[in-house]
There are 2 protein chains.
Amino acid sequence: MTSKQEEKQYGITVKKNKDFSEWFSQVLIKTDMIDIRYNVQGFIVHKPWSMKIIKEIYKLFERELENSGHEPVLFPLVIPEENFEKEKEHVEGFKPEVFWITEAGDERLERRLALRPTSETAFYSMYSLWVQSWRDLPLKLYQSVSVYRYEKHTRPFIRGREFLWIEAHDVFRSHEEALQQVYEDMRNSKKVIYEKLGIPFIFLKRPQWDKFAGALDTYAADTLMPDGRVLQISSTHDLGQNFAKAFGITFVDQKGEKRYVWQTCYGPGIWRIVAALIAVHGDDRGLVLPFDVAPIQIIIIPIYYTEEDKKNILDKCYNLEKELRDRGFRVKVDAREDRTPGWKFNEWELKGIPLRFEIGKKELEKGIITVFRRDLLKRERISEEKIYEYLKDVPGRIIENLRSRAEKIFKEGIVVVRSREEVIENIKKGKIIKMPFCDKEECAEDMREATEGGKVRGTEIEEERASGLKCAWCGKEAKKWVYVAKSY
Amino acid sequence: MTSKQEEKQYGITVKKNKDFSEWFSQVLIKTDMIDIRYNVQGFIVHKPWSMKIIKEIYKLFERELENSGHEPVLFPLVIPEENFEKEKEHVEGFKPEVFWITEAGDERLERRLALRPTSETAFYSMYSLWVQSWRDLPLKLYQSVSVYRYEKHTRPFIRGREFLWIEAHDVFRSHEEALQQVYEDMRNSKKVIYEKLGIPFIFLKRPQWDKFAGALDTYAADTLMPDGRVLQISSTHDLGQNFAKAFGITFVDQKGEKRYVWQTCYGPGIWRIVAALIAVHGDDRGLVLPFDVAPIQIIIIPIYYTEEDKKNILDKCYNLEKELRDRGFRVKVDAREDRTPGWKFNEWELKGIPLRFEIGKKELEKGIITVFRRDLLKRERISEEKIYEYLKDVPGRIIENLRSRAEKIFKEGIVVVRSREEVIENIKKGKIIKMPFCDKEECAEDMREATEGGKVRGTEIEEERASGLKCAWCGKEAKKWVYVAKSY
């Protein structure tokens, strides 16, 4: 038996919208998603509660990738320094962050091996062997792996020295096909992140000074965190022919001419999508999980006060559990005897279980189930014979509710501004601002310093011209509408 | 159009039982499972044909592990040298094989970080924090990851510097419970490797001089490869309290006393199971895949000679493909026009697809499908309306056939011997021998040298005493029956 005092300490002790940073840390630890006490900075232990969610998110992306013609591969973790150095901009961008293996057993290795910070230089050294003819194209491969970056400041699921993602590396005959792939990548992001996980975001074309090292153009999805900072959760890059030329990836076209290929790479940031899932849907009681990715979708709580009722109620619970499991639901009866129903309610609400079935004497007598919806914080009574009908619709209703609630907040977070004062005021408030912009890096830099972090995140995919307008920051002639926000 | 000459070169050019080593290499390359040209020794590229099989094998094991109370986690890739050195025997066993990260960005790290060669020392540093009370036990966690060992000689799927496995790390209150876990691990191995994949093996208790570094006892599954060498494909270890003492993993028992835990670890060798799958079931035409793990389970080949027939036959093929896909089968129509049906037959047989549906004019007219079974190399005609009934049973029939065929060979490969001459003769023939043994390491060593590799692999799990018998090798008093074989 636990005291009220203990129950209170067990739960989240801060409000999400008051102190997001502390709230986020408490959710991670109190839901037992991770342990941050492993003794290497920036390397966390993923415990079952996060791993199960992560595995479901991987499944969703892998399905979309395979449906759009990608196939799974696994490339080595290690990249020889010589491969890594072939594309000049790429190596400049990533080298400061690379971990190096230099020794093995008692020996010093002849050359250093990089731990993959991203795998362009691993994949493309092989692509030059695999691609010979137009018949070999398109080539669309992905891998689901951890990557390694020597980051100075780390935060679980937001910035790590080891983090989880997917990387897809695609090769085409023409630039046009490559650009079509960028659109497909954006559609796949939308299908999973927005439709299945209910996280709203905006896909932006990053400014040239903020693109992926080695790319022609970078397109990235930003979502808005509750502290008013945006988080990049997915990105896709038009690599042009930069890597093709560095690695000698050519094909003989239908006319018999040898040409360089066109490439894209796509990186759904699984780790950051978990961060967004927690942050966007969570509330002051803890996690709120969409039905599709919840490790337990339905928790069944037996409620009884006499030994007489106990057997009947537990029987009912276990029968229901079996039936639900047979139909493919992830379900569990919490029959612990050293915890009160109230304690259990709190614990499973904290952990974000979408549905709670409460089954007591009254339910048994009336042939009903009391269902608690985590997203609505509301109970409803469903008659037993209608429960499967109810369960057919409710996962969709939950995600629609989560999505529309999140979308409302996201849309309110975007403000159109025209003046320097409005920029300062709204960046301070934690808004994403949309403003006419001169398109000069110096102006962006000045604005970033003055607003303590308001960064130009880019334009919409089809750049919106701002003819005749003045840059909201410097007042000179504006070229395009851009989005500006503080970011992680 | 391709010539007969080309078709021939495309296929496997040696017999599996004549030159297994060359056969194995040709299968890996010609089925496009892997590429060995990545420029770091012992690190291979897993191409889609192997990755898809590997993902299915992972699913099978993860299901059994979860059904037996394990949960997924992910621990860091890197292990600080200080953790790694805590268990004396363990570090002595693994240190010569460890890759070390020593640099990051432009900096030299303060301490070296090991790439996990196995993760006892990562897991158990946290287990000492997680386990406090008897209520925390049992603790049963697993991760599906790559591990890294600086091996001198490497061979794809058999011995690599990077290879894929699962590792499960379990903690108990008593030695008895830990030993029960060893049995559960063996049952799970049997369920997947033997029942689902049809690979016969024998679980042996390894001799003390050949156990896992840091364990009390090692139990390992050996299968027999076509060249007469055994391959260890799975192992489970009774760790006793060795790591508990090294890492300070204690719990307060129900009487309030603090005690050290008992531990086991289990490692299904996913990579080596792939090697065994290829080697045990494959034939002179190439791979033979069980239905459950085949990336494509049914390949549909349209056969037509006139433009008139083409449309009807292709329509039929695509309709069937859709129907089969809707029912959950992995199926593909091979409608390539620049390949003859014969070429396609060869290619998909090489790749091991369990079923081929041939659909031509005759099939259309008669309302039948000509089905080719890869495992039997036989055609049968199934009437269209019976195809789903056929497909309900055939996966089971395929695996039963593969298993019983493999088991016959495996059983014939085991010979009971009593004399030195018989030992020498049968080890030379590539048999697993069972013999009475004195249980002396020096005798085992002498036998290994004299037989050019015949190693004592261990006893059956319940050691079989050999009272009154003489050691088949040295002639002194025998203690137990052991199995001896050349090994990978």
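What counts as what
- Residues numbered from 1 in each chain as written.
- Chains lettered and ligands numbered in written order.
- Predicted model: local features only at pLDDT ≥ 70, side-chain atom pairs only at ≥ 80, totals over all residues.
- Pairing = 2+ DSSP bridges.
- Helix = DSSP H or I, 4+ residues; strand = E, 2+ residues; numbered from the N terminus.
- Axes fitted to C-alpha atoms, helices over the stretch in contact; angles between N-to-C directions.
- Domains from an automatic or database assignment.
- Buried ≥ 20, exposed ≤ 12 C-beta atoms within 10 Å, placed from the backbone.
- Core = buried A, V, L, I, M, F, W, Y, C linked by C-beta atoms within 7 Å.
- Contact = placed C-beta atoms within 7 Å.
- Least-squares fit on C-alpha atoms with pLDDT ≥ 70 in both.
- Nonpolar A, V, L, I, M, F, W, Y, C, P; charged D, E, K, R; others polar.
- Left-handed = near helix turned anticlockwise from the far one by under 90°.
- Expected span 1.5 Å × (residues − 1).

(A) Representation of the sheet that holds strand β19 (residues 378-383) of chain B. All names here are of chain B. One open sheet holds the five strands; their spatial order is β16-β15-β17-β18-β19, and the pairing between them is mixed. Edge positions in the open sheet fall to β16 (331-333) and β19, since each of these has one partner strand only. Pairs of neighbouring strands in the sheet enclose a mean axial angle of 25°, with direction left out of account. Here strand β15 (residues 298-302) pairs with strand β17 (residues 355-359) via five bridges, running parallel. Each bridged residue has a counterpart across the sheet, and for Pro302 the counterpart in β17 is Ile359.

(B) View of the domain arrangement of chain A. Along its sequence, chain A is carved into domain 1 (19-281), domain 2 (296-394) and domain 3 (414-487). Taking the mean C-alpha position of each, domain 1 of chain A and domain 2 of chain A sit 40 Å from one another.

(C) The pairing of strand β6 (residues 107-115) of chain A, seen in detail. All names here are of chain A. One ladder, built from three bridges, connects strand β4 (residues 78-80) with β6; its direction is antiparallel. Counterpart to Val78 in the pairing with β6 is Leu115. In the sheet, strand β5 (residues 99-104) pairs with β6 via four bridges, with the strands oriented antiparallel. Its bridge partner lying in β6, Trp100 is registered against Ala114. Two successive antiparallel strands, β5 and β6, enclose a turn made up of two residues, where Gly105 displays a positive phi of approximately 55°.

(D) Spatial organisation of the environment of Glu64 of chain A. When you line up the elements, Glu64 of chain A lands in helix α3 (residues 48-67). Residue classification places Glu64 of chain A among the buried residues on the basis of 20 C-beta atoms within 10 Å.

(E) Spotlight on the pairing of strand β22 (residues 455-460) of chain A. Residues and elements named next belong to chain A. The buried fraction of β22 amounts to five of the six residues, a majority that puts the element mostly inside the structure. In the sheet, β22 pairs with strand β23 (residues 480-487) via three bridges, with the strands oriented antiparallel. Looking at the pairing, Val456 lines up with Val484 of β23.

(F) Representation of the nonpolar core within the structure. Ranked by internal contacts, the top residues of the largest apolar core, which has 286 residues, are Val274 and Val484 of chain A together with Val274 of chain B. Residues in contact with Val484 of chain A, not counting those within four places in the same chain, are Val423, Ile427, Ile433, Met435, Met447, Gly454, Lys455, Val456 and Arg457 of chain A.

(G) Region of interest: the relation of the copies chain B and chain A. Mapping chain B onto chain A calls for a screw motion: a turn of 180° about the axis and a shift of 0.0 Å along it, with 0.0 Å RMSD after fitting. With respect to symmetry, the two chain copies, as superposed, fit the operation of a two-fold axis. Of every C-alpha in chain B, the one belonging to Ile101 of chain B sits nearest the axis of rotation, 2.1 Å from it. With an isologous cut-off of 70% or more, the 100% of interface residues of chain B that recur at the interface of chain A puts this contact in the isologous class.

(H) Summary view of the interface of chain B and chain A. At the interface, 40 residues of chain B touch 40 residues of chain A. Elements represented by at least two residues in the side of chain B that touches chain A include exactly β2 (45-46), α3 (48-67), β3 (71-72), β4 (78-80), β5 (99-104), β6 (107-115) and α6 (120-130) of chain B. Tallying contributions element by element places β5 of chain B first for the side of chain B that touches chain A, with six residues. By residue class, the composition of the side of chain B that touches chain A is 25 nonpolar, six polar and nine charged. Note that β5 of chain A and β5 of chain B share five bridges and pair antiparallel. Each residue of the ladder has a partner; that of Trp100 of chain A, found in β5 of chain B, is Glu103 of chain B.

(I) A look at the packing of α3 of chain A against helix α7 (residues 175-196) of chain A. Residue and element names in this part refer to chain A. Remark: α3 packs on α7, axes separated minimally by 9 Å, with the N-to-C direction vectors making an angle of 150°. As for how α3 packs across α7, the hand of that crossing is right-handed. Between α3 and α7, the contacting residues are Leu60, Phe61, Glu64 and Leu65 on the first element and Asn188, Lys191, Val192 and Lys196 on the second. The residue inventory of the contact of α3 with α7, partitioned by class, reads four nonpolar, one polar and three charged.

(J) Up close: the sheet that holds strand β17 (residues 355-359) of chain A. Residue and element names in this part refer to chain A. Read from one edge of the open sheet, five strands run β16-β15-β17-β18-β19, paired in mixed fashion. Either end of the sheet is taken by a strand with one partner, and the two such strands are β16 (331-333) and β19 (378-383). Across the sheet, the mean angle separating the axes of adjacent strands is 25° when strand polarity is ignored. Sitting on the sheet, helix α10 (residues 307-326) is in contact with β15 (298-302), β16 and β17, with an inclination near 170° to β15.

(K) Structural context of α10 of chain A. The end-to-end C-alpha distance of α10 of chain A is 29 Å, a good match for the 28 Å that 20 residues give at a rise of 1.5 Å each. At the exit of α10 of chain A stands Gly328 of chain A, carrying a positive phi of roughly 95°.

(L) Up close: helix α11 (residues 341-350) of chain B. Regarding α11 of chain B, the residues found buried are Glu347, Trp348, Glu349 and Leu350 of chain B. In this structure, the buried residues of α11 of chain B make contact with α2 (20-30), β15 and β17 of chain B.

(M) Seen up close, unusual backbone geometry. All names here are of chain A. Note the cis peptide between Leu137 and Pro138, where omega equals -5°. The residue Pro138 is located in the loop between α6 (120-130) and β7 (139-148) in this model. One non-glycine residue, Asp439, lies in the positive phi region at around 70°. Within the secondary structure, Asp439 is located in the loop between β21 (432-437) and α15 (441-450). You can call Asp439 buried: it has 20 C-beta atoms within 10 Å. A positive phi angle, close to 55°, is found at Glu452, a residue other than glycine. Inspection of the secondary structure assignment puts Glu452 in the loop between α15 and β22. Given 10 C-beta atoms within 10 Å, Glu452 falls into the exposed group.

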